[in-house]
Amino acid sequence: DGGITQSPKYLFRKEGQNVTLSCEQNLNHDAMYWYRQDPGQGLRLIYYSQIVNDFQKGDIAEGYSVSREKKESFPLTVTSAQKNPTAFYLCASKGGQGGYSNQPQHFGDGTRLSIL
Amino acid sequence: EDQVTQSPEALRLQEGESSSLNCSYTVSGLRGLFWYRQDPGKGPEFLFTLYSAGEEKEKERLKATLTKKESFLHITAPKPEDSATYLCAVQAGATDTGRRALTFGSGTRLQVQP
């Protein structure tokens, strides 16, 4: 079945540690996105990528980094510079002509990150 | 700045009691309005896309409608399995970045009691 796989489901970060969240899709979508979800708030955009080897900052990119070396993969690193990383992280992808498409985004099942 | 406001924040219904959820938006050139369902600990599941005022979409007990300022998600004779958080999101017109990311509301938590 086509879809978006996020791993791990739960992740714990120690002080001063960088952690990487995995996102893989087999939908052949060009555009991929990372969102952060906090209780009682809407999803906020961290980074997005419209095509391989290209990515752009979203609204809350500070303390995060990404790479897009393959079409299928868009990993997110939460660095030690992100002082409040506890949240639910969601990866999404979209078909059509990448970022210019108005097709719906499809989401993975998220990674919940907590501080130890 | 694009904004999406959903109301109510939470809604409790009895099984079979129909109601509507509201999504009010301000956006520079609407390209699409999207409804998602989110279960606890899961990612949002796509329900509907609406592109222009007057458009309606239906799926089982759900019906989404769109005007120039707001969208409604009507739930007819809900069942306990309809309990979830319903998210509304808008996609604005072209910007110089062309990112076409979504702006989300905070959601409506729906609980349907048997």
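Structure's up top.
Attention here is on the structure that accompanies the text. (Residues numbered from 1 in each chain as written. Chains lettered and ligands numbered in written order. Predicted model: local features only at pLDDT ≥ 70, side-chain atom pairs only at ≥ 80, totals over all residues. Heavy atoms only, no water.)

**Examining the interface of chain B and chain A**
We count it as follows: Here a residue-residue contact requires only that any non-hydrogen atoms of the pair lie within 4.5 Å. Buried area: the accessible surface (1.4 Å probe) lost by two parts on joining, summed over both. Salt bridges are defined by distance alone: a side-chain nitrogen of Lys or Arg within 4 Å of a carboxyl oxygen of Asp or Glu. Polar contacts, as used here, are pairs of N or O atoms within 3.5 Å; protein pairs need one atom able to donate a hydrogen and one able to accept it. Residues neighboring in sequence count only if both atoms are side-chain atoms. Helical segments are the DSSP runs of H or I of at least four residues, strand segments are the runs of E of at least two, and each set is numbered from the N terminus. Amino acids are sorted into nonpolar (Ala, Val, Leu, Ile, Met, Phe, Trp, Tyr, Cys and Pro), charged (Asp, Glu, Lys and Arg) and polar (every other residue, Gly among them).
Counting residues at the interface gives 22 residues for chain B and 28 residues for chain A. Interface of chain B and chain A: buried area, both sides summed, is about 1,900 Å²; carbon and sulfur atoms make up 49% of it. Between chain B and chain A we count one salt bridge in total. For Asp109 of chain A, the salt bridge identified is with Lys42 of chain B, shortest N-O distance 3.9 Å. The tally of links from chain B across to chain A stands at four residue pairs in polar contact (both at pLDDT 80 or more). Looking at the side of chain B that touches chain A, the elements that each hand over two or more residues are strand 4 (32-38), strand 5 (45-50), strand 9 (84-91) and strand 10 (102-104) of chain B. Tallied by class, residues from the side of chain B that touches chain A come to nine nonpolar, nine polar and four charged.

**Structural notes on the state of the cysteines**
Rules: The disulfide definition used here is simple: a pair of cysteine sulfur atoms within 2.5 Å. For each residue, the accessible area found with a 1.4 Å probe, counting protein chains only, is set against the maximum for its type, and the residue is called buried under 20%, exposed over 50%, and partly exposed in between.
For the coordinates displayed, the defined rule picks out two disulfides over all chains. Cys23 of chain A shares a disulfide with Cys91 of chain A; S-S distance 1.9 Å. Of note, the bridge from Cys23 of chain A to Cys91 of chain A carries an S-S torsion of about -75° and is left-handed in sense. Here the residue Cys23 of chain A occupies a position in strand 3 (residues 19-25), and Cys91 of chain A occupies one in strand 9 (residues 87-94), the gap between them amounting to 68 residues. Grouping residues by exposure puts Cys23 of chain A and Cys91 of chain A together as buried. Sulfur-sulfur distance for the disulfide between Cys23 of chain B and Cys88 of chain B comes to 1.9 Å. Residues Cys23 of chain B and Cys88 of chain B are joined by a disulfide whose S-S torsion is about -65°; by sign, that bridge is left-handed. Placement of the pair is Cys23 of chain B in strand 3 (residues 19-26) and Cys88 of chain B in strand 9, with a sequence separation of 65 residues. Cys88 of chain B carries the same exposure label as Cys23 of chain B, and that label is buried.

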